[in-house]
Every structure is written in C-alpha cells, then in structure tokens.
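Below are the chains, spelled out letter by letter.
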Amino acid sequence: MVELLAQTGLNALYAASYTALVAVGLVLIFGVMGVINFAHGELFMLGAYAIVAVYADWNLPYLVAVAVGMTFVGIVGLGMERAFFRPLRDNPLGGLVASIGFLMILQALVSMGFGVRMEHVPPVTQDVIVISEKVRLPVFRLAVILAAVVLLASLWAFLKRTRFGWALRASAQDPEAAALQGISINQTARIAMFIGAALAGVAGALTAPLISVNPHMGHSVIVTAFIVIIVGGIGSLEGAVIVAVAYAFVHTFVTTFFDGVIADIVGLLLLLVVLIVKPTGLFGSTDRA
Amino acid sequence: MHSSVTSLAAILGLGAVLLALPHALSFSQQEILVFLTINVLVVASYRLLTLTGEWSLGHVVIMGVGAYASALLSKRLGVYVPVSMLLGAVTAAMVALALSFPLFRMKGFYFLIGSFAAGEIIRLLWKRFRDPFGGPKGIKKIDPMPDFDIGIYAFDFFEPVSYYYLALAVVGVSLWIMWRIERSPVGLTFHAVHWQDRLAEASGVNVRAYRTLAFVLASGFAGLSGALLAHYIGTINPNSFDVEQMVFVLTWTIVGGTATFYGPILGCVVLTILNEIVLREAGFEQMRPLIYGLILILSVLFMPKGLESLVRGALSWQNARKKKVGETQATE
C-alpha cells in the first residue's frame, strides 16, 4: 500500500509539472491582457507536434526540438496577440471567442499536415530509477519535473528581478497607471503572450514522448488548466502553481483508485463549487475579479 | 393595415417556398435541409438565451440532453416518439433549471467557463455510464418517428422530405412561440435585464429569476431540437455534442448577429449554404472547421454586429431614400 501511494505520488508530481507550466502561461496572459485564451490547449498540442516533426521525423536531438517547439509556439502567440487580442482589447468576450475560432484553425491545420491519427514519438531515454520493487521513476519523467521547476523559477526571477518583469506586473495590476508611467501596453502584452504561449509549447514538447499526440489532445489540457486557474484564482501565479500541484495529486489518486473519467468529473465539480462559493478563487484578490 | 397585409403575404409566400423547396433538391440536399431546419431552432433558442446578456458554452450539451432523454425514453420505455420528443425538451429544461442554481451566481466569462464546465460534466457522465447512456459509443438504433397519414399527405419517415415537413412544423411553431415570448412583457424584461440590469433590479425586477427563465426556455427548445436530431440520424454519442458543434452554433449566431430575431437564423442559413455549395462542391469539406474558425475571428473583428447589421443598413438606406422621395413629392 505504501508503495502504491509512493508510486502514485511520483506520477502526480510529474502531472503537476506540466499542468503548472500550462496554467501559469494562461494566468500570465490573463493577468496582462485580461482575456482567457481558449486556444491554450492547442498551443500545448503545437509544442508536441514540434517534437513529432523535429525530433521524430527529422531526427534532430531532442533538446533542439524542445527549443524549436518553445520558440515556434511563442511566435504563434505573438501572432495571436497582433491578429486579434490587440484589436479586441476592450472586448474580453470577443477575444475569448476569437481564440475559440483560432483553436479550430490550429486543429484543422495540424490535422491536414499530420493526419488525425495518433503520432508515435520514440522514447528519449528508457532508463528507470528503481527505488524499490514496485516504486520506479523513469529518468525522463524526472527530467520533465526538473525542467518545469527550472522554467518556473526563471519565470519567477524574470518577473521579480528584471525591469521587463516589473513592467509586466505593473500593467497586470493597473494598465492605465502603468501606461502613464511610460510602460508600453503593447510591449508588455507581447512579452506576456510570448512567454505564456512558449510555456504551453514547452509543456507539450516535454510530455510528447510520454503521451498520445493527436490533433485533439488540447481539449483535456485546457479543461485541466481552467480548473487550475479558476480554483487558484484567475490572475494569481502563485495560486496557479499551488493548485496545479494539489489538483494533479487529487486527479492522479482518483484516477488510480477509481478511474480517469471520475477524476475529470471530480475536478470539474471542484471548479463549479469554487465558482459558486468563492468566484475569486482560493488565492485571488477580490478587486481583480 | 397595409403593412400587416404585406407581412401576411410575405409569410404565406415564405411558407409556400419552404414547402416547395425540397422538391427542387437532390436527396442529399434534402438531408442537409433537415439538418439546417433543426439547426435554425438551435440558433434561435441560443439567441433567446443571450437576450439576458449571458453567453453559454453548454447549449449544445443541453441540446444533447434532449436527444439522449428522448432516445432513451422511446427505446427503453417504449414511449411514443412524438411524446418522447416533448419529454426530451422538458428534461432539457429541467436540467437547465437545476444548473441555473450554480451558474447564475456567475456573470460574464465566469458564467461562460461555468457553463462549459457543467456541459463537460454532463458529457463525461454520458461517457462514463454505459448503462443507460451507452458510454463513448452512445445510443444506436434510436426508434424512428412512426409513419402517419394526415389525409392530404402520408408521412413516410424513411424519406427526408417527410422528416423535413415534420421538422419545419415543429421549428415553425417553436419560432412563433419564441417570437411571441420576446414581444411579451417577459421578453421586454429580458432586454431590460441585459442592458440595464441595475435599473431593472431597482425597479423591482427579479433579475436572476428572469435570467433563469430565459435559460430554461432556451434549453427546452434546444432539447426539442436535439430530440428532432436524434430520431432523424438514429445514432448519438457524447462527441455529437462536443465543443466543435458549439463553435458552429457560436459562429452562426455571431456571424448573423444577435440584435434581431432573424439574425442568427440568417447566419445559420447563409453559412450552411456556403458550406454545402461552395465547400462540398469544391471538395474542401474537411476544411470546414478551419473556415468556420476563420469566419468566427473575422466576424468578431470586423462585423461585431453581424450579418443582420448589413441587412438593416440596406433597409434604412432604402427607407431614407423613400422618405426623401416622399419629401420631394410633398414640396412639389
């Protein structure tokens, strides 16, 4: 029993790592631009397909493929900002609807380019750290967890220590006051969108060798991300990380002891309960809602 | 007096065209016409929901509730199909009533996300519980509408034409009811709740009760359209009512514009014709999601009031010209 718990805990930690990357990106975009990016799951999907193309098809090193995926998805994010989030800045619902339209476009383009069938990504490494008879941690999963920690730590350092980070946080708190201080709203929006999209892309790229890559894989990702950011409090980065970890544990344990669909239902019920009881989320401040 | 005669003539003319229409079409076009008729009810009911200012992402799932309920009632309990369709609509309305308690504590995009989550829960329940919902494969071999004869026309529901006439009658009556609701004091209050919710509340209007009413009514009609769909295609599964279908409904509604009753219907008809004639004939059918996505973005960006704003623009231009002509005649 202890071993089963330990193994499930390790699985949960891995799920928490990429969930946190996706959710933090979504929160960053919402914080600076005030819009929910419904296509965020599809950015994750694009990151995974970057691995399919660069690593599996062209046989380039895996780390190169991850870097390509991250940059490419970040650039797609810049394109989204310029094409519809910027013109619809005063119309958050319009931005959301436009991102739903963009989600369809990305799914259709990937289906046309790669086909709708599941893609097989060859494993990067098959080494396993054997902790005990029944508790095993594949090295690749450990690498994903460490990569997520490093990325989140550097994002934190960027936001708290650099001038760009200050500008970003200032425009998230009060766009008008930030603009009066000479901070370019367009520039902070671009930075937020690039980082947010790149985080989703890198999450997809990191997990691609371990999951089934297909054009519709973004759906479950965005559902999870919504649960995390709403429960955590829309706009709270710390909340998103904490809830991503907590939610990954709940979801993994419910999946292990019941089944995956029940775990999804539990998560969505959790989302509804939080929306009813405390719409600002567990870690959100009241004035931002 | 004069205008009511012309509008009556227009309605009769439209009715004659709609009755004659299937006979000018091929078999596969007749099938598309049935889907189009059902979709008109979906978008019109969606507009009823948006009258109070809330946009739901769960409408297609609610439509599915009507479809599942009607399919199960007729298949498992042997309920007569027309009755099971009505009961499907009632079930959808009841589910919406239950959902309204959590959902109407939210507004704006919290409502949007909440309705999305609620819809996903319902779809996951269909997927998880093989008994009675059939799991991921859904329900197959749903009882067809029984044939009947009304003297002047014998309905044979293996023919799309017959089903089209049935759907046309059901959708026509539903649209008429929705139109009457919107013109009634209740409908005017829906508008007030949307545009002046604080003022409406201060004037003693129970804003939440009216939001709930609009949601429940719209969901009932959505459920009816789902039931119509289920007994026509004979197979439904959780993916028949997924986000992609919701995007189609959103696109029709937004492209048409929600300011008038006919806006979303116009959007649905125009885009379906575009889809079936242009895309299918040109062999681009599988690009439909791509093109719908593109149209959705472009219309949010450049035509936020929808197609109906173009029609209204043309009408007001014509009226202005008429007025001008009248004025010059008067001065002469």
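Residues numbered from 1 in each chain as written. Chains lettered and ligands numbered in written order. Predicted model: local features only at pLDDT ≥ 70, side-chain atom pairs only at ≥ 80, totals over all residues. Heavy atoms only, no water.

**Student:** Which parts of the structure should I look at to understand the overall build of chain B?
**Tutor:** Helices and strands together make up the secondary structure of chain B, namely 14 helices and two strands. The C-alpha radius of gyration of chain B comes to 21 Å, within 12% of the 20 Å expected for a compact globule of 332 residues. C-alpha extents for chain B along the principal axes are approximately 80 × 55 × 40 Å. Taking all 332 residues of chain B together, 50% fall into the buried category. A separation threshold of at least 6 residues defines the contact pool for chain B, and within that pool the share at least 24 residues apart is 76%. (Helix = DSSP H or I, 4+ residues; strand = E, 2+ residues; numbered from the N terminus. Rg over C-alpha atoms; globule rule 2.2 N^0.38 Å. Buried < 20%, exposed > 50% of the residue type's maximum accessible area, 1.4 Å probe, protein only. Contact = heavy atoms within 4.5 Å.)

**Student:** Got a minute to help me understand a positive patch on the surface in this structure?
**Tutor:** Where like charges cluster on the molecular surface, the positive patch consists of K75, R130, K137, K140 and K141 of chain B. For K75 of chain B, a relative accessible area of 39% corresponds to the partly exposed category. (Patch = residues over 30% accessible without salt bridge, like charges linked within 9 Å, V, L, I, M, F, W, Y side chains within 5 Å. Areas by Shrake-Rupley, 256 points an atom, 1.4 Å probe, with all protein chains shown as cover. Salt bridge = Lys/Arg side-chain N within 4 Å of Asp/Glu carboxyl O. Lys, Arg positive; Asp, Glu negative; His and termini not counted. Charge placed at Lys NZ, Arg CZ, Asp CG, Glu CD.)

**Student:** Would you explain the packing of aromatic side chains in this entry?
**Tutor:** Think of a pair of aromatic rings as described by two things: how far the centres are apart, and how the planes are tilted against each other in angle. Here the structure, examined in full by the defined rule, presents 31 aromatic pairs over all chains. Both rings, one in Y55 of chain A and one in Y62 of chain A, keep their centres 5.4 Å apart while their planes meet at 80°; by these two values the pair is edge-to-face. Pair check on accessibility: Y55 of chain A and Y62 of chain A agree, each one buried. Measuring from centroid to centroid gives 6.5 Å for W252 of chain B and Y292 of chain B, while their planes differ by 80°, and the two rings are edge-to-face. (Phe/Tyr/Trp six-rings, centres within 6.5 Å; stacked < 30°, edge-to-face > 60°.)

**Student:** Honestly, the interface of chain B and chain A in this entry has me stumped. Any pointers?
**Tutor:** Accessible area lost upon the coming together of the parts is a frequently used measure of interface size. Counting from both sides, the interface comprises 35 residues of chain B and, opposite them, 40 residues of chain A. For the chain B and chain A pair, buried surface summed over both sides reaches about 3,400 Å², with 88% attributable to carbon and sulfur atoms. Counting the surface chain B buries against chain A, the share from its top three residues, F109, Y110 and I113 of chain B, is 19%. The tally of links from chain B across to chain A stands at one salt bridge. For D259 of chain A, the salt bridge identified is with R128 of chain B, shortest N-O distance 2.6 Å. (Buried area = accessible area lost by both parts, 1.4 Å probe.)

**Student:** Can you help me understand the confidence of the model for chain A in this one?
**Tutor:** When pLDDT is low, close inspection of the predicted coordinates is not appropriate. Averaged over all residues, the pLDDT of chain A is 90; the fraction at 70 or higher stands at 98%. For chain A, the element scoring lowest by mean pLDDT is helix α7 (residues 175-180) of chain A, at 84; helix α3 (residues 62-85) of chain A scores highest, at 95. (pLDDT = per-residue confidence, 0-100.)

**Student:** Looking at this structure, I do not really get the packing of helix α9 (residues 218-232) of chain A against helix α5 (residues 108-128) of chain B. What am I missing?
**Tutor:** One way to put it is that α9 of chain A packs onto α5 of chain B with a least axis distance of 12 Å and a crossing angle of 130°. One finds that α9 of chain A runs oblique with respect to α5 of chain B. Read as a crossing pair, α9 of chain A and α5 of chain B show a hand that is left-handed. Taking contact as the criterion, the partners of H219, V223, F226 and I230 of chain A in α9 of chain A are, on α5 of chain B, I113, F116, E120 and R123 of chain B. (Axes fitted to C-alpha atoms, helices over the stretch in contact; angles between N-to-C directions. Parallel < 35°, antiparallel > 145°, perpendicular 65-115°, else oblique. Left-handed = near helix turned anticlockwise from the far one by under 90°.)

**Student:** Quick question: what am I supposed to make of the environment of D57 of chain A here?
**Tutor:** All names here are of chain A. Relative to the elements of secondary structure, D57 occurs in helix α2 (residues 40-57). Note on D57: relative accessible area 48%, which makes it partly exposed. Counting along the chain gives 84 residues from D57 to R141, while the straight-line C-alpha distance between them is 22 Å. Those residues in contact with D57 that lie beyond four places of it in its chain are V52 and F114.

**Student:** Explain the pattern of salt bridges here, please?
**Tutor:** Side chains bearing opposite charge may pair, as long as their charged atoms lie close to each other. For the structure shown, the criterion picks out seven salt bridges over all chains. A salt bridge links E238 of chain A to K160 of chain A; its shortest N-O distance comes to 4.0 Å. Taken as a pair, E238 of chain A in helix α10 (residues 237-257) and K160 of chain A in helix α5 (residues 139-161) lie far apart in primary sequence, 78 residues in all. Classification of E238 of chain A by relative accessible area gives partly exposed; the value is 45%. Of the charged contacts, one joins D131 of chain B and R76 of chain B as a salt bridge, the two residues approaching to 3.5 Å between their closest N and O atoms. Taken together, the positions of D131 of chain B in helix α6 (residues 130-133) and R76 of chain B in helix α3 (residues 59-76) put the pair 55 residues apart, joining distant regions of the chain. Of the two residues, D131 of chain B and R76 of chain B, neither departs from the other in class, the shared state being exposed.

**Student:** How should I be thinking about the packing of α9 of chain A against α10 of chain A in this particular structure?
**Tutor:** A packed helix pair is summarised by two numbers, namely the angle formed by the two axes and the spacing between the axes. Residues and elements named next belong to chain A. Two numbers describe how α9 lies on α10: the axes approach to 8 Å, and their chain directions differ by 125°. The orientation of α9 relative to α10 falls into the category oblique. Here α9 and α10 pass one another in a crossing that is right-handed. In this structure, α9 uses T224, I227, V228, V231 and G232 to contact α10, whose residues at the interface are G239, A240, V243, A244 and Y247.

**Student:** Sorry, what's going on with α5 of chain A here?
**Tutor:** Each α-helix winds once per 3.6 residues, and so residues spaced three or four apart point in a common direction. Residues and elements named next belong to chain A. The terminal C-alpha atoms of α5, which comprises 23 residues, lie 32 Å apart, in line with the 33 Å expected from a rise of 1.5 Å per residue. All of the buried residues along α5 are F140, V144, I145, A148, L151, L152, L155 and L159. Buried residues belonging to α5 abut α1 (2-33), α3, β2 (136-138), α6 (163-173), α8 (185-207) and α10. (Expected span 1.5 Å × (residues − 1).)

**Student:** Looking at this model, I keep getting lost on unusual backbone geometry. Mind explaining?
**Tutor:** With glycine set apart, most residues show a phi of negative sign, and most peptide bonds adopt trans. Following D131 of chain B, the chain continues into P132 of chain B via a peptide bond in cis, with omega recorded as 5°. Along the polypeptide, P132 of chain B turns up in helix α6. The phi dihedral of N59 of chain A falls on the positive side, at around 60°, and the residue is not glycine. Take N59 of chain A: it is sitting in the loop between α2 and α3. Phi at K141 of chain B is positive, roughly 50°, even though this residue is not glycine. With respect to the helices and strands, the residue K141 of chain B is situated in the loop between α6 and β1 (148-149).

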